[in-house]
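Next come the chains, spelled out residue by residue.
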Amino acid sequence: MERSISMMRRSILSFFSVLLLCNIVGIASATDKKVVLVTSAHMENLSLNRLEVRQLFLGGNVTKNGTRIVPIINDSDPLLYEIFLQKIVFMSARTYERRLISRVLHKGSQRIQFSSNLASFENSLITNPGWVSFMWESHARTLPGVIVIEELWPGSAK
């Protein structure tokens, strides 16, 4: 009887050790998953505070240095879009999209564009000064013509 309890303890301990190791490895590999706000390199001195970023992505008008800032939703990566919804606009996808549609219907403003095609999105972002969006920092740093305005979310994504 003692022997089976000892084996059971070892099995449980092994299981939790593997689980802990997988969790640590997962966290370590996800530390570079920072979400950043990006724009064309033509808008070099652009800065937006948290309130302006949220206002912008909720359909509000933001103008900086005489240029109207246009938000583009990067939904090419489901995890990135989910982090954007939870950590930047603080809404579920359904609530967020309803709010955008409601704003267009009630205020007559333009609907925010969604971009699912990453290559087309990147080219549009580079060639249109005043457009801003969000992406993984590791990807943004590899794109010529795109600059990082600020870090939006420093957490790790699993």
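For the structure, see preceding data.
Scope of this entry: the structure provided in the associated data block.

What counts as what
- Residues numbered from 1 in each chain as written.
- Predicted model: local features only at pLDDT ≥ 70, side-chain atom pairs only at ≥ 80, totals over all residues.
- Heavy atoms only, no water.
- Helix = DSSP H or I, 4+ residues; strand = E, 2+ residues; numbered from the N terminus.
- Polar contact = N/O pair within 3.5 Å; in protein donor to acceptor, adjacent residues only side chain to side chain.
- Contact = heavy atoms within 4.5 Å.
- Core = buried A, V, L, I, M, F, W, Y, C linked by side-chain atoms within 4.5 Å.
- Buried < 20%, exposed > 50% of the residue type's maximum accessible area, 1.4 Å probe, protein only.
- Salt bridge = Lys/Arg side-chain N within 4 Å of Asp/Glu carboxyl O.

Section: the side chain of Ser133
Consideration 1: Considering the arrangement of structural elements, one finds Ser133 in strand 5 (residues 131-136).
Consideration 2: A polar contact is formed between the side chain of Ser133 and the backbone oxygen of Ile72, at a distance of 2.6 Å.
Consideration 3: The contacts of Ser133, once residues within four sequence positions are left out, are Val36, Leu37, Val38, Phe57, Ile72, Ile73, Asn74, Phe121 and Leu125.

Digging into the nonpolar core
Consideration 1: Counting residues in each nonpolar core, the largest one holds 39 residues, and the members touching the most others are Phe57, Phe84, Val89 and Tyr96.
Consideration 2: For this core, the elements supplying multiple residues, two or more each, are strand 1 (35-40), helix 2 (50-57), strand 3 (67-74), helix 3 (78-89), helix 4 (93-107), helix 5 (118-127), strand 5 and strand 6 (146-153).
Consideration 3: No other element matches helix 3, which puts seven residues into this core.
Consideration 4: Apart from residues lying up to four places away in sequence, Tyr96 is in contact with Phe57, Leu58, Ile73, Tyr81, Phe84, Leu85, Val89, Met91, Ile112 and Phe114.

A few points about the pattern of salt bridges
Consideration 1: For the structure shown, the criterion picks out three salt bridges.
Consideration 2: The salt bridge involving Lys64 is made with Glu52; its shortest N-O contact spans 3.0 Å. A residue pair is termed long-range when its members are at least 10 positions apart, and Lys64 in strand 2 (residues 62-64) and Glu52 in helix 2 qualify at 12 residues.
Consideration 3: Salt-bridge contacts for Glu137 lead to Arg141; the nearest nitrogen and oxygen are separated by 3.0 Å.
Consideration 4: For Arg141, a relative accessible area of 55% gives the class exposed.

Considering the environment of Lys33
Consideration 1: Relative to the helices and strands, Lys33 is located in the loop between helix 1 (2-30) and strand 1.
Consideration 2: Lys33 gets classed as partly exposed once you look at its relative accessible area, which sits at 26%.
Consideration 3: When the C-alpha atoms of Lys33 and Glu137 are compared, they prove to be 6.9 Å apart, with 104 residues separating the residues in sequence.

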